[in-house]
Amino acid sequence: MLRVLREHLQQNLAAILPAAATADVLPETPVTTCRGLADAAATWQIQHTANAWAAPADAPYPIEAERCVSVAAMQQARAQLETWPEYSVTPLYEHAELADMLGVSSVSVKDESVRVPAVGSFKALGGALAVEDVARLDPAGAASVTVTTASAGNHGLAVAWGATRAGASSRVYIASHVSEAMADRIRGNGAEVVRVEGSYEDSIAACIEESEQNGWEVIQDVAWEGYEAVPQRINAGYAVLAAEICEQSEGDLTHIFVNTGVGGFASAVFGLVWDHYASLGKPRPKFITVEPTQAACAMHCLRNGAVSPAPKPSGPGTVQTGLDCLELTPLAWPVFLPGVTDCVTVPDDAVGPTVEMLAAGSDGIGPIIAGESGVASVATLLAAAAQPELKAALQLTAESRVAVVICEGSVSAV
Ligand SMILES: Cc1ncc(COP(=O)(O)O)c(C=O)c1O
């Protein structure tokens, strides 16, 4: 398994990095323990910004944020998901080695690589749920429904899988940078795949235009003016994962790190946890968005205090393709502006070693076969363990109780 994973990483990295850089990222002899990565992690260029607009930790959950997600919306989604034979709670592991190296009380690792094997990520909780709603509501029956979406991969897998299980058809629009391996997996879940030359944003535009022309139902995880109900429902599904974390973690969390693309997932997790902690009269944990260096739309918006597209970076794209988004979904904003405390960005050279470390397993944790878009938060903790200024900036102390989500399984390993 490790060999397959290594070959896959080598191929993906080779597509974006010069040969010499690829060799640096994946040394001949893989270093597979947290401590073995300390020297490398000390060199990872993690950028950090504190959110100047963050509300105090004991602020109530804002009424406007309920538009994004709430405990009540999560409970409705959960009631529906619990009727699915495919739904089960994913594990939350205690990573003692990482906690020890970082010098914190605990590091809890939520493993989404095992969420619905055909999907292999938290996306199964959102896209497939929204597809089921649409398929059930159509008076002509699910078989007459075609759902569409644009995706960097995982959301497309979830929509395709959801359409097949609901008895509907699906079309998934993917941008140039999405791998053929991912396209094959989406087809394997029953969808027709439409490749769009251009960026993720271009694939959304093509999806909307063709769907309007043909009367297809768009199941998008991003909101825009007049299109909120579907992404709200998707957020409610994602929030079920956050509710699982709240129930599985012993004691109160102080920090939650979430990988961020358009921000739907992070806003659903942060919003649910904030609403839940506030209802118990407890301060909310620190909420940290984690993005690739080349696609940092949350950091861009929070630095400016307003939603606008992040500037297009020059140079190669990121291997963290699921997070390769330059435009934040506006639905995330009522949670992000007052709720996020810190934003970090993670360079691609942190990805391969972190994937390998997780695949090697650790005391009491079996191998986690994660994909490249799933590990940026773990990489941030490894870097904070090796970089005292980053650890201090994130206010990680011996009392901290940290949670991270490993968002996806490996494309090649499934
Ligand atoms: C593995 C993985 N993690 C995180 C995200 C981020 O989710 P969002 O785009 O809602 O921020 C994605 C999005 O596709 C993803 O595929």
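Residues numbered from 1 in each chain as written. Predicted model: local features only at pLDDT ≥ 70, side-chain atom pairs only at ≥ 80, totals over all residues.

1. Concerning the packing of helix α6 (residues 127-137) against helix α7 (residues 154-166)
Two packed helices can be described by the angle between their axes and the distance between those axes. Going by this rule: The axes are straight lines fitted to the C-alpha atoms, using for helices just the contacting stretch, and the angles between their N-to-C directions are given from 0 to 180°. By definition, any uninterrupted DSSP run of H or I lasting at least four residues is a helix, any uninterrupted run of E lasting at least two residues is a strand, and each is numbered from the N terminus. Two helices cross in a left-handed way if the nearer one is turned anticlockwise from the farther one by less than a right angle. They cross in a right-handed way if the turn is clockwise. For every residue pair, C-beta atoms are placed from the backbone, and the pair is scored as a contact if these atoms sit within 7 Å. All amino acids are sorted into three groups, where Ala, Val, Leu, Ile, Met, Phe, Trp, Tyr, Cys and Pro are nonpolar, Asp, Glu, Lys and Arg are charged, and the leftover types, Gly among them, are polar.
One can describe the packing of α6 onto α7 by two numbers: an axis separation of 7 Å at closest approach and a directional angle of 35°. Both α6 and α7 take part in a crossing whose hand is right-handed. The segment α6 lies against α7, with Gly127, Ala128, Val131, Glu132 and Ala135 engaging His155, Ala158, Val159, Trp161, Gly162, Ala163, Arg165 and Ala166. Per-class residue counts for the contact of α6 with α7 are eight nonpolar, three polar and two charged.

2. Let's talk about the site of the ligand
Operational definition: Throughout this description, a residue near a molecule or strand is one whose C-beta atom, derived from the backbone, lies within 6 Å of it.
The environment of the ligand is formed by 20 residues, the closest being Gly261, Gly264, Gly322, Cys407 and Glu408. Those elements that provide at least two residues to the shell around the ligand are α7 and α11 (264-279). It is α11 that provides the largest number of residues to the shell around the ligand, a total of three residues. For the shell around the ligand, a count of residues per class yields seven nonpolar, 11 polar and two charged.

3. Let's talk about the sheet that holds strand β6 (residues 192-196)
The criterion, for reference: For two strands to be treated as a pair, DSSP must find no fewer than two bridges joining them.
Read across the open sheet, the four strands follow the order β6-β5-β4-β7; overall the sheet is parallel. Whereas interior strands pair on both sides, the edge strands pair on one side only; in this sheet they are β6 and β7 (217-218). Pairing of strand β4 (residues 146-150) with strand β5 (residues 169-175), which is carried by five bridges, proceeds in the parallel orientation. Opposite Thr149, over in β5, you have Val172 as the bridge partner. Its contacts with the sheet put α7 on β4 and β5, and the angle it makes with β5 is roughly 170°.

4. So, the domain arrangement of the protein chain
The criterion, for reference: Residue ranges assigned to each domain were obtained from an automatic or database domain assignment.
With domains assigned, the protein chain is organised as domain 1 (2-120 + 231-406) and domain 2 (141-220). The straight-line distance from the C-alpha centre of domain 1 to that of domain 2 is 25 Å. Counting residues at the interface gives 11 residues for domain 1, matched by 12 residues for domain 2. Taken together, the residues of the side of domain 1 that touches domain 2 break down into six nonpolar, three polar and two charged.

5. Focus on the environment of Ala152
Note on placement: Ala152 falls in the loop between β4 and α7. Separated by 25 residues in sequence, Ala152 and His177 place their C-alpha atoms 8.3 Å apart. For Ala152, the contacting residues outside a window of four places in its chain are Val178, Tyr200, Thr321, Gly322 and Asp324.

6. Quick notes on the pairing of β6
Selection rule: The crossover handedness rule: strands pointing away from the viewer, path from first strand over the helix to second strand clockwise, crossover right-handed.
Both β5 and β6 contribute to a ladder of five bridges, which runs parallel. Within β6, the residue paired with Val172 across the bridge is Val193. Where the polypeptide runs from β5 across helix α8 (residues 180-188) and back to β6, its parallel neighbour, the crossover connection is right-handed.

7. Considering unusual backbone geometry
The condition is simple: To sort residues by exposure, count the other C-beta atoms lying within 10 Å of each residue's C-beta; 20 or more gives buried, 12 or fewer gives exposed, and values between give partly exposed, all with C-beta atoms placed from the backbone.
Phi angles above zero are rare outside glycine, and Val116 is one such case at about 45°. Its place among the elements puts Val116 in the loop between β3 (106-111) and α6. Using a count of 23 C-beta atoms within 10 Å as the deciding quantity, one classes Val116 as buried. Positive phi, close to 55°, is recorded for Gln395, a residue that is not glycine.

8. Quick word on the sheet that holds strand β2 (residues 92-94)
One open sheet holds the seven strands; their spatial order is β1-β10-β9-β8-β11-β3-β2, and the pairing between them is mixed. The sheet terminates laterally at β1 (47-50) and β2, the two strands that pair on one side only. Pairs of neighbouring strands in the sheet enclose a mean axial angle of 20°, with direction left out of account. In this sheet, strand β10 (residues 342-346) lies alongside β1 in antiparallel orientation, the contact comprising four bridges. Each residue of the ladder has a partner; that of His48, found in β10, is Val344.

9. Some thoughts on the environment of Gln75
Residue position: Gln75 is located in helix α4 (residues 71-81). Among the residues examined, Gln75 registers 13 C-beta atoms within 10 Å and is labelled partly exposed.

10. Some words on the packing of α4 against helix α10 (residues 229-248)
Which entries qualify depends on this criterion: Any angle between 65 and 115 degrees counts as roughly perpendicular, while under 35 counts as roughly parallel, over 145 as roughly antiparallel, and the rest as oblique.
Contact geometry for α4 and α10: axes closest at 8 Å, N-to-C directions at 90°. One element, α4, and the other, α10, form an angle in the roughly perpendicular class. Contacts between α4 and α10 involve Ala73, Met74, Gln76, Ala77, Arg78 and Leu81 on the former and, on the latter, Ala236, Gly237, Ala239, Val240 and Ala243. Taken together, the residues of the contact of α4 with α10 break down into eight nonpolar, two polar and one charged.

11. Brief notes about the pairing of β10
Extensive coverage of β10 is indicated by the burial of five of its five residues. The side-chain alternation of β10 yields two buried faces, one formed by Asp342, Val344 and Val346 and the other by Cys343 and Thr345. Relative to β10, strand β9 (residues 286-292) runs parallel, the two sharing five bridges. From the neighbouring strand, Glu291 faces β10, where its bridge partner is Thr345.

12. Brief notes about the nonpolar core
As a rule of thumb, soluble globular proteins bury nonpolar side chains together. Put simply, the test is: A set of buried residues qualifies as a nonpolar core if it consists of Ala, Val, Leu, Ile, Met, Phe, Trp, Tyr and Cys joined through C-beta atoms within 7 Å.
In terms of nonpolar packing, the biggest core is built from 135 residues, with Ala239 and Val269 touching the most fellow members. Split by domain, the residues of this core number at least three in each of domain 1 (2-120 + 231-406) and domain 2 (141-220). If we ignore the near neighbours within four places in the chain, the residues touching Ala239 are Val69, Ala73, Met74, Ala77, Ala268, Gly271 and Leu272.

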